[in-house]
Amino acid sequence: MAPGIEQPRPLKRPGLTWILATERSFIGLCLQTYQMLEVDPMEPENTHSSAGIRVLIRALAERPLENIEEHLVIEPMTAPQAGDIASDEVVIAVRSVAVGWIDCLMTSGQYQHMPRLPYCPGLEYSGVITAVGDAVQAERATVGDPVFVDCFTVGPRTSGPYQSAGGYSSYAVVPAS
């Protein structure tokens, strides 16, 4: 901290300082995660790797920064294969994910939608399809298609079967629709 600049105090409700500090923590986490994998997530040859990771929030805390420090874990995962998914699902190799204030609010239980614990944050993400279910028509989705995931039907903001499909992971299984 530079001399003469006051250290911002943590806030329970979102303010600009709180949001920026929390988003910086998430961004730092993403960078740390990719360094752990020792890969560049934007290189095409890393899209189809079988090794991956996912971020899980195991409990909620009063403040998002506290939660990130105390209840967030990074665990290894393998890439789901076509035989591991339902006939109407696809596997996405996640290539980019937004760092949003809703994700920050969810970590402290201050958002109107409460995810089931543990959950993987990341509402808005995009990637490349790596596997498709047997019933998915080629006009709908094929391996190699770039996709953007709809945060209203998939991810921690939803209450359906795809609530655990957050973008802070190497792979996500989502409906082809």
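Everything numeric in this text was worked out from a predicted model, so none of it was measured. Residue positions are given per chain, counted from 1 along the sequence in the order it is written. For a predicted model such as this one, the threshold for reporting local features is a pLDDT of at least 70, and the threshold for listing and counting side-chain atom pairs is 80 or more; totals across whole chains, interfaces and linings nevertheless cover every residue. For side-chain calculations, the full set of non-hydrogen atoms in the structure is used, while hydrogens and water are omitted.

Participant: An account of the overall build of the protein chain is requested, with residue identities and associated values reported.
Facilitator: Looking only at helices and strands, one finds 3 helices and 6 strands in the protein chain. Along the protein chain, from the amino end to the carboxyl end, the secondary structure elements read α-β-α-β-β-α-β-β-β. Three labels apply to residues, based on accessible area from a 1.4 Å probe with only protein chains included: buried if under 20% of the type maximum, exposed if over 50%, partly exposed otherwise in between. Considering the protein chain as a whole, with its 177 residues, one finds that 42% of them fall into the buried category. Considering only intrachain contacts with a sequence separation of at least 6, the fraction spanning at least 24 residues in the protein chain is 71%. Strands are runs of DSSP state E lasting at least two residues, helices are runs of H or I lasting at least four, and both sets are numbered from the N terminus onward. Any two residues having at least one pair of non-hydrogen atoms within 4.5 Å are treated as being in contact.

Participant: Before we move on, could you go through the sheet that holds strand β6 (residues 171-175) and cite the residues and values that matter?
Facilitator: With respect to topology, 4 strands assemble into an open sheet ordered β5-β4-β3-β6, the strand pairing being antiparallel. Edge strands, defined here as strands with exactly one partner in the open sheet, are β5 (146-148) and β6. Strand after strand, the sheet turns through a mean of 45 degrees between neighbouring axes, direction not considered. Note on pairing: DSSP must find at least two bridges between two strands before they are called paired. Pairing geometry for strand β4 (residues 125-132) and β5, over 3 bridges, is antiparallel. Along β5, the bridge assignment pairs S126 with F148. Orientation is described by axes fitted as lines to C-alpha atoms, over the contacting stretch for helices, and by angles from 0 to 180 degrees between their N-to-C directions.

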